[in-house]
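Chain by chain, the residues:
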Amino acid sequence: MTKIENEAQYRWALARVEELLPHVKDDTPLTDPYSMELELLSGLVADYSDEHFAIGEPSLVDVIKLRMYEMGLTQAALAKLIGVNPSRVCEYLSGKKQPTLNQARVISQKLNIAPSIVLGV
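What about helix H4 (residues 75-82)?
(1) Moving on: Those residues of H4 not exposed but buried are Leu78, Ala79 and Ile82. End-on view of H4: buried residues confined to an arc of 100 degrees, all on one side of the axis.
(2) Moving on: Residues of H4 that are buried sit in contact with helix H3 (60-71), helix H5 (86-94) and helix H6 (101-111).
(3) Moving on: The first or second residue beyond H4 is glycine 83, which carries a positive phi of 75 degrees.

With respect to the environment of lysine 110
(1) Moving on: Its place among the elements puts lysine 110 in helix H6.
(2) Moving on: When its relative accessible area of 45% is taken as the criterion, lysine 110 is described as partly exposed.
(3) Moving on: Ignoring anything within four residues of it in the chain, the contact list for lysine 110 reads Met71, Leu81 and Ile82.

What to know about the nonpolar core
(1) Moving on: Of all hydrophobic cores here, the largest spans 16 residues; its most connected members are Ile64, Leu78, Ile82, Val89, Ile107 and Ile113.
(2) Moving on: If you list the elements that add at least two residues to this core, you get H3, H4, H5 and H6.
(3) Moving on: Here the element with the most residues in this core is H3; it accounts for four residues.
(4) Moving on: Those residues within four positions of isoleucine 107 in sequence are excluded, and the remaining contacts are Ile64, Ile82, Tyr92, Pro99, Asn112, Ile113 and Val118.

Examining the side chain of glutamine 103
(1) Moving on: If you trace the backbone, glutamine 103 turns up in helix H6.
(2) Moving on: When its relative accessible area of 14% is taken as the criterion, glutamine 103 is described as buried.
(3) Moving on: Residues within four places of glutamine 103 in sequence aside, it is in contact with Ile82, Gly83, Val84 and Tyr92.

With respect to the packing of H3 against H6
(1) Moving on: In contact at an axis separation of 11 Å, H3 and H6 are set at 40 degrees when each is read in the N-to-C sense. The two elements H3 and H6 meet at a crossing, and its hand is left-handed. For the pair H3 and H6, contact is made by Ile64, Arg67 and Met71 and by Ile107, Lys110 and Leu111, respectively.
(2) Moving on: Of the residues in the contact of H3 with H6, the class split is four nonpolar, no polar and two charged.

Structural notes on the pattern of salt bridges
(1) Moving on: Summed over the entire model, instances satisfying the criterion amount to six salt bridges.
(2) Moving on: With its nearest N and O atoms 3.8 Å apart, the salt bridge here joins lysine 3 to glutamate 51. Highlighted residues: lysine 3 in the segment before helix H1 (7-20) and glutamate 51 in helix H2 (residues 33-52), separated in sequence by 48 residues.
(3) Moving on: Residue glutamate 51 is classed as partly exposed on the basis of its relative accessible area of 48%.
(4) Moving on: Of the charged contacts in the structure, one is a salt bridge between glutamate 91 and arginine 88, with a shortest N-O distance of 3.4 Å.

Procedures and definitions
Residues numbered from 1 in each chain as written. Predicted model: local features only at pLDDT ≥ 70, side-chain atom pairs only at ≥ 80, totals over all residues. Heavy atoms only, no water. Buried < 20%, exposed > 50% of the residue type's maximum accessible area, 1.4 Å probe, protein only. Helix = DSSP H or I, 4+ residues; strand = E, 2+ residues; numbered from the N terminus. Arc of directions from axis to C-beta. Contact = heavy atoms within 4.5 Å. Core = buried A, V, L, I, M, F, W, Y, C linked by side-chain atoms within 4.5 Å. Axes fitted to C-alpha atoms, helices over the stretch in contact; angles between N-to-C directions. Left-handed = near helix turned anticlockwise from the far one by under 90°. Nonpolar A, V, L, I, M, F, W, Y, C, P; charged D, E, K, R; others polar. Salt bridge = Lys/Arg side-chain N within 4 Å of Asp/Glu carboxyl O.

Shown next, in the form of structure tokens:
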């Protein structure tokens, strides 16, 4: 098997990985049959998971809302922090407007959000 083709194979491989884990410790040689099987199945499971269950990148709106929650900010407090009118924050959070380049820079710095997320790249 070079690739897991369907969910049944995926479930079987996951179950087999669970069975193998107790047999492989940090000091188990790589030439041990359990270790080799675990290594191969783990790679196949990871590949299938990446292909079928990928979460994807978060949106700017999602990240701003998360940061607001983490920092205990209201929309009004966020507006004051980043220096815009509260109605502008509402437009950002509803997806009606995108921040300007200068506002993106401020949002990135004040909320500690990666520039790539703020700029959507």
